[in-house]
Amino acid sequence: MLPEVAKVVVTLNVEEDLVWPDLNRLVVIRNQHPKGFGANHNAAFHKCETAYFCVLNPDVLLLENPFGRLIESLSDPAVALVGPLVVAPNGRVEDSIRTFPTFRSLLCKALYSSDGRYQVSYGEPDIEPDWIAGMFMLFRSADFVALNGFDEAFFLYYEDVDICKRVWQNGRKVIACLSIRVMHDARRDSRKVWRYRWWHARSLLLYLVRYAGRRTSSTRR
């Protein structure tokens, strides 16, 4: 266990038989029925007793200890949320750092295959993007409380975009730390399973309607 990690909260969203390591820092939440991404992490936060709260997907592999460097970024009181660079198993940089979607950007994506990702590489200086993906997010616990956590109206998808939007609306910053890498083996279920496609489309529409005409963006591209 990494020295910065005081507790690990694991949520079983469906019934599974798993063998757990004998760790006194491990807390397991077993849901009676499946919940959405935001609801699960909000419930996990209620078990948090530390100054920092990390949202971490189970399919993320830590290539190194990321927490010291990320916590350093949060030493700036203007920063409310930080995340690392995310790479695929083949080393390719994932599209986890992107600009806020708009009706116009979606049209550009359809016409020109421009998906709003920032063109970044490992080892570059930190940047202040519009949003970072929810597979790895580190907050101060006090900031997560001030943001009222994830909006559970987003069952799955766009809850990460929404919380980043609210960070910027509150006059704070989102930081992508490009000197730290984690690996993510993405399943891309929204491209293969109709149920996930529906959740993705519903969340996108909810986000676009909610923020239509509000041009909150980061200060650096």
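1. A closer look at a nonpolar patch on the surface
Part 1 of the reasoning: On the surface, Leu 107, Leu 111 and Tyr 112 cluster together into a nonpolar patch covering about 370 Å² of accessible area.
Part 2 of the reasoning: Of the residues examined, Leu 111 reaches a relative accessible area of 54% and is grouped as exposed.

2. Quick look at the nonpolar core
Part 1 of the reasoning: Grouped together as the largest cluster of nonpolar side chains are 53 residues, with contacts concentrated most on Ile 97, Ile 132, Met 137, Phe 139, Cys 164 and Tyr 207.
Part 2 of the reasoning: Excluding residues that lie within four positions of it along the chain, Cys 164 makes contacts with Leu 81, Phe 100, Asp 130, Trp 131, Ile 132, Met 137 and Val 174.

3. A closer look at the packing of helix H5 (residues 159-169) against helix H6 (residues 194-211)
Part 1 of the reasoning: Here H5 crosses H6 at 20°, and the two axes come no closer than 11 Å. In this view, H5 runs roughly parallel relative to H6, as classed from their interaxial angle. For the element pair H5 and H6, the recorded crossing hand is right-handed. Contacts between H5 and H6 involve Val 161, Asp 162, Lys 165, Arg 166 and Gln 169 from the former and Tyr 207, Arg 210 and Tyr 211 from the latter.
Part 2 of the reasoning: Classifying every residue of the contact of H5 with H6 gives three nonpolar, one polar and four charged.

4. A short note on H6
Part 1 of the reasoning: Between its first and last C-alpha atoms H6 spans 26 Å; for 18 residues at 1.5 Å apiece the expected length is 26 Å, and the two agree.
Part 2 of the reasoning: Listing the buried residues of H6 in full gives Tyr 196, Trp 199, Ser 203, Leu 204, Tyr 207, Leu 208 and Tyr 211. Buried residues of H6 fall within an arc of 160° about the axis and therefore sit on the same side. Of the exposed residues in H6, those oriented more than 90 degrees away from the buried face are Trp 194, Arg 195, Trp 198 and Val 209.
Part 3 of the reasoning: Close packing links the buried residues of H6 with helix H3 (103-112) and H5.

About the thresholds
Residues numbered from 1 in each chain as written. Predicted model: local features only at pLDDT ≥ 70, side-chain atom pairs only at ≥ 80, totals over all residues. Heavy atoms only, no water. Patch = residues over 30% accessible without salt bridge, like charges linked within 9 Å, V, L, I, M, F, W, Y side chains within 5 Å. Areas by Shrake-Rupley, 256 points an atom, 1.4 Å probe, with all protein chains shown as cover. Salt bridge = Lys/Arg side-chain N within 4 Å of Asp/Glu carboxyl O. Buried < 20%, exposed > 50% of the residue type's maximum accessible area, 1.4 Å probe, protein only. Core = buried A, V, L, I, M, F, W, Y, C linked by side-chain atoms within 4.5 Å. Contact = heavy atoms within 4.5 Å. Axes fitted to C-alpha atoms, helices over the stretch in contact; angles between N-to-C directions. Helix = DSSP H or I, 4+ residues; strand = E, 2+ residues; numbered from the N terminus. Parallel < 35°, antiparallel > 145°, perpendicular 65-115°, else oblique. Left-handed = near helix turned anticlockwise from the far one by under 90°. Nonpolar A, V, L, I, M, F, W, Y, C, P; charged D, E, K, R; others polar. Expected span 1.5 Å × (residues − 1). Arc of directions from axis to C-beta.

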